[in-house]
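# A look at the structure
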Amino acid sequence: MRGGKAGIIFRGSMFTFKASLWDISSTVFHVPDDPLVKPEPREPGFACCAPTEPSTGLDTSASSQRGKTTSCTMPSKVPLLLLSLLSWFGTSHCCLQDPASAYRFTGAVCRLTYPAAVVLNEKTTKVIEAAFQHARYPSMKGEKSLLFIGKVMYGLDNLEIHNLSIGQSAFELHPGEGIAMEISNVSAVFKGTIHYGYGSWLVNFGHSVDFEIDSQIDLGINPKLYCGDGKVAADTTDCYLNFHKLRLHLQGDKEPNWLKKLFTDFITLTVKLVIKGQICKEINKAANILADFIQDTAEQFLTDGDISVDIGITAAPVITANYIESYHKGLTKYNNKIAVINESVFHPSQLTEDRMIYFWISDQFLNPMLKAAHQDGRFQLNVSGEELTTLLRTNLSTAMPEFIRKCLLDSASPELRLWSSSVPYLNSSILGTTIWVQASGQLHCESQGTPVLFFQTSMAVDITTSYVNKKVLLQGHPTEISVFRAELPLQDQQLYDEALEFIKEAVVKIGTPKVLSVLGVELTRLLDKQGLYQFDLFNPEVLPRDGFVVIQMDFGFPHHLLVEFLKRTLQ
């Protein structure tokens with residue numbers, strides 16, 4: 001999210017609300033002192049393993065991790081589109097060997113089920129086509145001694161691929177091992193030029209002939225998933241080609257039969273190896289480009305202003321017969337500080353296999369994002385003029401104080417300024433997601449510097465989040481509210497009784513819906529800015545659970561993302 005402000009993030013709220021259940025990674029600060037929230041103190045921890053350099057946590061306790069050092073080395077990067085969604089996570093330097101031991105450091109989990117892998121596999125053929133079309137084949141030379149003729153020297157140049165078509169792509173998930181991918185009935189015509197000469201006296205080739213090779217190939221790839229340099233990575237060295245047909249056509253077929261047989265043998269023995277080596281090399285290259293492309297896109301999606309997220313993985317992905325699951329730190333970074341997760345409650349049993357993709361997001365992922373947004377001044381909202389007047393015309397059971405009525409009637413540009421005055425705190429449970437916050441407000445008449453009203457309120461709001469018609473919708477129900485300070489600065493006096501009741505009722509019936517509406521619009525705008533609207537998301541659901549939130553949905557892979565990737569590959 002480069003450009004504007006971050007993560008969620010709307011400039012405002014009388015009550016601060018959660019950054020984004022739709023962001024894909026984040027972490028946890030410790031809850032600030034708050035009249036409504038008194039959490040238990042938490043011990044410091046580090047997500048996955050210690051950094052190679054000292055780091056400063058958004059929670060000051062992260063300093064206890066200084067001086068620890070670990071290193072890991074794993075193979076290359078993510079292979080094909082089947083693995084692309086997993087690459088939306090990942091910048092870190094090491095992983096724990098046992099996924100179960102990494103759960104407590106995990107802020108976000110992505111589970112890609114078999115039906116999702118089927119959708120992604122359908123796009124894999126486009127990547128394979130790009131790998132074939134952009135392979136560069138080296139020139140090849142050889143020589144052979146023939147009876148009566150002597151030495152025959154030959155070379156093959158300018159090998160290019162034409163008329164490529166791919167029959168079908170299939171895959172299997174092998175539990176605990178990797179992914180078996182087979183691309184069958186790859187038909188292609190290779191064109192080039194053969195230079196040749198014969199006779200022991202020959203120093204340079206004396207003849208040349210253009211040729212075509214009709215081929216039919218099956219391609220197999222067995223990528224093994226690892227934690228490589230803190231990312232979802234894959235070793236794609238297990239790559240093979242089976243040639244069902246490899247037929248040489250010399251231009252005009254006017255050359256001697258013995259020469260054609262010689263070149264056919266040459267093609268059979270040599271070109272197969274070269275084609276295999278270059279195609280597998282190009283597939284690995286395409287996989288690396290895809291991993292980098294998806295990673296760059298993910299980092300951009302999760303970065304805005306000074307707020308970003310470390311989405312490195314805490315352990316190697318797990319593969320079962322029904323899904324691929326990856327585990328991510330989700331550590332919020334702000335102003336050179338990084339959050340800490342060490343008490344995550346993830347367990348694989350918390351996710352099902354009924355939908356195509358699941359995002360498991362810890363409260364320890366969301367709270368640091370809220371803290372960073374608050375510290376960055378993201379939660380502010382100004383309402384003025386006719387909009388403010390219209391809002392305050394809402395029928396309330398408590399009478400409007402006269403000084404407010406006078407401000408609205410006599411002022412040409414009344415303005416209400418609202419902002420979060422403490423770090424919001426979010427808690428998810430099976431009953432819903434609740435956010436506690438303190439907010440402050442000022443009512444200004446005209447453009448005078450001193451407000452006619454200043455108030456502070458503490459409240460708890462139960463939040464329901466949905467994503468309908470590519471829009472974020474937030475609904476809230478205040479469960480606790482208190483106005484603990486209200487005064488008239490111009491008269492230097494406190495407000496009591498009925499005036500306080502009016503403010504409290506206005507906050508509940510006017511302020512909460514307005515803030516949630518604005519926040520929903522801003523969240524939608526930010527997600528649109530990152531291109532989420534281009535994805536086909538089917539029946540997305542946000543389900544709060546005890547200490548975490550599950551986002552589950554079906555999807556269609558966005559064609560534009562594949563096009564952009566292939567454009568990069570073509571460069």
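For the structure, check the block above.
Residues numbered from 1 in each chain as written. Predicted model: local features only at pLDDT ≥ 70, side-chain atom pairs only at ≥ 80, totals over all residues. Heavy atoms only, no water.

### Section: the pattern of salt bridges
- Tallying each qualifying case throughout the model produces 14 salt bridges.
- Across the pair K329 and D310 runs a salt bridge whose closest N-O atoms are separated by 4.0 Å. Of this pair, K329 sits in the loop between β11 (323–328) and β12 (331–334) while D310 is found in strand β9 (residues 307–310), placing the two residues 19 residues apart along the sequence. Residues K329 and D310 agree in their burial class; the two are buried.
- Among the salt bridges present, the one from E541 reaches R355, with a minimum N-O distance of 2.9 Å. With a gap of 186 residues between them, E541 in strand β22 (residues 536–545) and R355 in the loop between β13 (337–338) and β14 (357–362) connect regions that are remote in the sequence.
- Here the salt bridges do not stand alone but share partners, grouping R355, E541 and D554 into one network. (Salt bridge = Lys/Arg side-chain N within 4 Å of Asp/Glu carboxyl O. Helix = DSSP H or I, 4+ residues; strand = E, 2+ residues; numbered from the N terminus. Buried < 20%, exposed > 50% of the residue type's maximum accessible area, 1.4 Å probe, protein only.)

### Here we look at the nonpolar core
- One finds I404, L443, L453, F455, I503 and F555 to be the most contacted residues of the largest nonpolar core, which totals 77 residues.
- Considering every element that reaches this core, the biggest residue donor is helix α7 (residues 498–529), with 12 residues.
- Ignoring any residue separated from it by four or fewer positions in sequence, one finds L443 in contact with L388, I404, C407, E415, L416, P451, V452 and L453.
- Residues Y154, L156, V274 and I279 belong to the second largest nonpolar core, which totals 37 residues. (Core = buried A, V, L, I, M, F, W, Y, C linked by side-chain atoms within 4.5 Å. Contact = heavy atoms within 4.5 Å.)

### Quick word on helix α4 (residues 363–375)
- Taking 1.5 Å per residue as the helical rise, α4 with its 13 residues ought to reach 18 Å, and the 18 Å between its terminal C-alpha atoms agrees with that figure.
- In terms of burial, α4 is largely enclosed, as 12 of its 13 residues are buried.
- Within α4, the full set of buried residues consists of D363, Q364, F365, L366, N367, P368, M369, L370, K371, A372, A373 and H374.
- Sitting at the amino-terminal end of α4 is S362, which places a side-chain oxygen 2.9 Å from the backbone nitrogen of Q364.
- Residue G377 follows α4 closely and has a positive phi angle near 70°. (Expected span 1.5 Å × (residues − 1). Polar contact = N/O pair within 3.5 Å; in protein donor to acceptor, adjacent residues only side chain to side chain.)

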